[in-house]
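Read off the chains here:
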Amino acid sequence: MIARIIPKKNCLEILDQRLLPHRIVYLRALTPDDAAKAIKDMATRGAPLIGCAAAYGYALALNQKAPSGWRELSLRLKKAAAVLKASRPTAVALAYAVDRLHGEAEKFISENCKKCFDKTAYLRLKKLISDEAGAVFGEDVLANKRLSLSGAKLFKRPVNVMTICNAGALATAGIGTALGVIQKAWEKGKIIHVYACETRPYLQGARLTMFELLRNKIPATLITDNMAAHIMKTAGIGAVVAGADRIAANGDTANKIGTYMLAVLARYHKIPFYIAAPVPTIDMKTPDGGKIPIEERSQDEVHKIFGSRISPKGAKARHPAFDVTPAELITAIITENGIISPVTRANVEKITA
Ligand code: MRU
């Protein structure tokens, strides 16, 4: 798969996913503000990947002109953490990565830095933070692989599956979560065909998931989101697999808008509904789905497709970017630490312990 983010000596190169599948273009982030903008504007996306981009983006705060003192540096890092965390609210992986790096930096500064500024300590801090960003990335690669292998074991016979949005390599550091499970199950001969929902309004399913499935030579068909019920009823869907942006302590799961609709439909059609996500997606501080912040994006993203207005001038629209699927509709949550099923608060706690 093509590189999604490339940390360089003085910048972070970010694949501009808004241009996929037709053009492969990299943006260059030189500062945490640049990285935050790329995340907010959807150049890079997918919960684990924005966590990684935010981690490397935070490290860029140490690539700028050397500060005059520790106080100035502390303020700069605090500002970097705040701007990155504010870029998108729903995916907890982003806050997790930024808090982790900022915590390390603050600890280092309070333990090692005396009154006067010391260039050697500054360089040590720079290396520590860049290594930590690399660790966030590396852990996601491993988690993707583990959860995909364990999720694939849930498929006992070959089935058609449905997915939504893009929870593949383009959304992560590794092979993906929902698409990772599908990939591994397909390699074992357990997937017949994938139905990918196009995922209005950003079309991650049409542009990104279809791109990945075609590249991996997995048989797949694109459907519009409003075809889901009909396809479940007529095409013999054996499972729905989706990713997650945040899983509350009781198992309620926020993912791309439309996921909840698929879960309701899956229950009606007696189809297992799986969520695949790495453990940092679980937010034990959020007790239930009602407390998950749902990003509300510009209504223009609904009014326009690739810049062309499709609704009449003066029409109102809304763009909640995510929805919450209640735990009771989820057959299992697939993580790198094991499978959560049934999805209960106690079982979620066990996986995170
Ligand atoms: O708005 P996006 O494209 O960042 O939304 C992505 C999703 O909803 C994914 O399903 C989720 O982040 C999981 S990615 C492994």
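Everything below is about the structure printed above this text.
Residue positions are counted from 1 within each chain, in the order its sequence is given. A pLDDT threshold of at least 70 governs which residues receive local features in this predicted model, and a stricter bar of 80 or more applies before side-chain atom pairs are shown or counted, although totals over entire chains, interfaces and linings include all residues. As a convention, hydrogens and water are excluded, and side-chain values are obtained from all of the structure's heavy atoms.

Participant: I'm lost on the layout of surface pockets in this one. Help?
Facilitator: Empty pockets left among the atoms are what a rolling probe the size of a water molecule brings to light. The space that makes up the largest pocket amounts to roughly 430 Å³. Only protein atoms enter the 1 Å grid, on which a cavity is a set of points fitting a 1.4 Å probe that cannot get out and a pocket is an open set with protein on both sides within 12 Å along at least 5 of 7 lines, lining residues being those with an atom within 4 Å of a point. Taken together, 23 residues make up the lining of the largest pocket; nearest its centre are Val 92, Ala 93, Tyr 96, Pro 280 and Thr 281. Each helix is a run of H or I in the DSSP string that is no shorter than four residues. Each strand is a run of E no shorter than two, and both are numbered from the N terminus. For the lining of the largest pocket, the secondary structure elements donating two or more residues are helix H2 (47-59), helix H4 (92-112), helix H5 (119-152) and strand E11 (282-283). The element that contributes the greatest number of residues to the lining of the largest pocket is H4, accounting for seven residues. Gly is placed with the polar residues, together with every amino acid not listed as nonpolar (Ala, Val, Leu, Ile, Met, Phe, Trp, Tyr, Cys and Pro) or charged (Asp, Glu, Lys and Arg). Among the residues making up the lining of the largest pocket, the classes are represented as 13 nonpolar, two polar and eight charged. Grid points are joined across faces, edges and corners, and a volume is the space filled by probe spheres set on the points.

Participant: I would appreciate a short explanation of the pattern of salt bridges in the present structure.
Facilitator: For side chains bearing opposite charge, pairing can occur when the charged atoms are close. Throughout this description, the term salt bridge denotes a Lys or Arg side-chain nitrogen within 4 Å of a carboxyl oxygen of Asp or Glu. According to the stated counting rule, one finds 16 salt bridges in the structure shown. The residue Arg 297 makes a salt bridge to Glu 301 at a minimum N-O spacing of 2.9 Å. Through salt bridges with shared partners, a single network forms among Arg 88, Glu 295, Arg 297 and Glu 301.

Participant: Would you explain the pairing of strand E2 (residues 12-15) in this entry?
Facilitator: Moving residue by residue along a regular strand, the side chains alternate between the two faces of the sheet. Neither face of E2 is open: one carries Leu 12 and Ile 14, the other Glu 13 and Leu 15, and all of them are buried. A pair of strands is labelled paired if DSSP reports no fewer than 2 bridges between them. Between strand E1 (residues 5-7) and E2, which follow one another and run antiparallel, lie four residues. Alignment of E2 against strand E3 (residues 26-29), held across four bridges, turns out to be antiparallel. The residue of E3 that forms the bridge with Ile 14 is Leu 27. For every residue, the accessible area obtained with a 1.4 Å probe (protein chains only) is divided by the maximum for its type, and the residue is called buried under 20%, exposed over 50%, and partly exposed between those limits.

Participant: What's the story with the site of the ligand in this structure? I'm lost.
Facilitator: The criterion for a residue being near a molecule or strand is simple. One of its heavy atoms has to lie within 4 Å of it. In the vicinity of the ligand, 18 residues are found, and the nearest of them are Arg 45, Ala 47, Arg 88, Asn 255 and Lys 256. Definition of a polar contact: a pair of N or O atoms within 3.5 Å, with one able to donate and the other able to accept a hydrogen when the atoms are protein atoms, and with sequence-neighbouring residues admitted only if both atoms are side-chain atoms. In the model, an oxygen atom of the ligand is placed 2.9 Å from a nitrogen or oxygen of the Asp 245 side chain. Working definition of accessibility: Shrake-Rupley area with a 1.4 Å probe, residue cover restricted to the visible protein chains. Alone, the ligand offers 420 Å² of accessible surface; in the complex the protein occludes 100% of this. Applying the majority rule of atoms within 2 Å of the grid points places the ligand in the largest cavity. Considering only residue class, the shell around the ligand consists of eight nonpolar, six polar and four charged. Pocket occupancy is defined atom-wise: a molecule lies in a cavity or pocket when more than half of its atoms are within 2 Å of its grid points.

Participant: Could you clarify how one ought to interpret the packing of aromatic side chains in this entry?
Facilitator: Within a pair of aromatic rings, the relevant descriptors are the distance that separates the centres and the angle that separates the planes. Geometry of aromatic contacts follows a simple scheme: Phe, Tyr and Trp rings, the Trp one being its six-membered ring, pair when their centres are within 6.5 Å, and the pair is stacked under 30 degrees between planes, edge-to-face over 60, tilted otherwise. On inspection of all chains with the given rule, the structure shows two aromatic pairs. Centre to centre, the rings of Tyr 56 and Phe 137 are 6.2 Å apart; their planes meet at 55 degrees, and the pair counts as tilted. With a gap of 81 residues between them, Tyr 56 in helix H2 and Phe 137 in helix H5 connect regions that are remote in the sequence. Between the aromatic rings of Phe 155 and Tyr 274, the centroid separation amounts to 6.1 Å while the plane-to-plane angle is 65 degrees, which identifies the pairing as edge-to-face.

Participant: It is not clear to me how the environment of Met 1 should be interpreted in this structure. Could you clarify?
Facilitator: With respect to the helices and strands, the residue Met 1 is situated in the segment before E1. With relative accessibility at 42%, the residue Met 1 sits in the partly exposed group. Through-space distance from the C-alpha of Met 1 to that of Gly 69 is 42 Å; in sequence the pair is 68 residues apart. The contact definition used throughout considers only heavy atoms, calling two residues in contact when any of these lie within 4.5 Å. Residues contacting Met 1, with those up to four places away along its chain left out, are Ala 169, Leu 170, Phe 211, Glu 212 and Arg 215.

Participant: Sorry, what's going on with a nonpolar patch on the surface here?
Facilitator: Every patch collects residues that have over 30% relative accessible area and no salt bridge, joining them within 9 Å if they carry like charges and within 5 Å if they are nonpolar side chains (Val, Leu, Ile, Met, Phe, Trp, Tyr). A surface patch of nonpolar side chains, about 320 Å² in accessible area, is lined by Ile 305, Phe 306 and Ile 310. Considering the arrangement of structural elements, one finds Ile 305 in strand E12 (residues 304-305). Using a relative accessible area of 31% as the deciding quantity, one classes Ile 305 as partly exposed.

Participant: Explain the packing of H4 against H5 here, please?
Facilitator: Each pair of packed helices can be summarised by the angle the axes make with each other and by the distance between the axes. Where helices are involved, their axes are fitted lines through C-alpha atoms of the stretch in contact, as for all axes, and angles between N-to-C directions lie from 0 to 180°. Across the interface, H4 lies against H5 with an axial gap of 10 Å and an inter-helix angle of 155 degrees. As judged from the angle between their axes, H4 and H5 are roughly antiparallel. Of the two possible hands of crossing, H4 and H5 adopt the one that is right-handed. Between H4, through Tyr 96, Ala 97, Arg 100, Leu 101, Glu 104, Ala 105, Phe 108, Ile 109 and Asn 112, and H5, the contact on the second element is made entirely by Ala 121, Arg 124, Leu 125, Leu 128, Ile 129, Glu 132, Ala 133, Ala 135, Val 136 and Glu 139. A class-by-class count of the residues in the contact of H4 with H5 yields 13 nonpolar, one polar and five charged. Convention used here: angles under 35 degrees read as roughly parallel, angles over 145 as roughly antiparallel, angles from 65 to 115 as roughly perpendicular, and any remaining angle as oblique. Two helices that cross are described as forming a left-handed crossing if the nearer one is turned anticlockwise from the farther one by less than a right angle, and a right-handed crossing if clockwise.

Participant: It is not clear to me how the environment of Leu 208 should be interpreted in this structure. Could you clarify?
Facilitator: Tracing the sequence through the fold places Leu 208 in helix H7 (residues 204-215). C-alpha separation for the pair Leu 208 and Ala 169, spaced 39 residues apart in sequence, amounts to 9.5 Å.

Participant: Can you help me understand the environment of Glu 295 in this one?
Facilitator: Position of Glu 295 among the secondary structure elements: in the loop between E11 and helix H10 (300-303). Under the relative-accessibility criterion, Glu 295 is labelled buried at 7%. Taking C-alpha positions, Glu 295 is 5.6 Å from Ala 321, a pair spaced 26 residues apart along the chain. Leave out the neighbours within four places in its chain, and Glu 295 touches Arg 88, Pro 89, Thr 90, His 319, Pro 320, Ala 321 and Phe 322. A distance of 2.7 Å separates the side chain of Glu 295 from the side chain of Arg 297, its partner in a polar contact.

Participant: Just checking my understanding: could you explain the nonpolar core for this structure?
Facilitator: Note that soluble globular proteins tend to have their nonpolar side chains buried in a common cluster. To qualify as a nonpolar core, a set must consist of buried Ala, Val, Leu, Ile, Met, Phe, Trp, Tyr and Cys residues joined through side-chain atoms within 4.5 Å. Ile 5, Tyr 58, Leu 73, Leu 77, Leu 84, Leu 125 and Ile 129 are the most contacted members of the largest nonpolar core, which totals 44 residues. Elements with a contribution of two residues or more to this core: E2, helix H1 (32-40), H2, helix H3 (70-85), H4 and H5. By residue number, the principal contributor to this core is H2, which donates 10 residues. Counting 32 residues, the second-largest nonpolar core is a separate cluster that includes Cys 165, Ile 223, Ile 231 and Ile 330.

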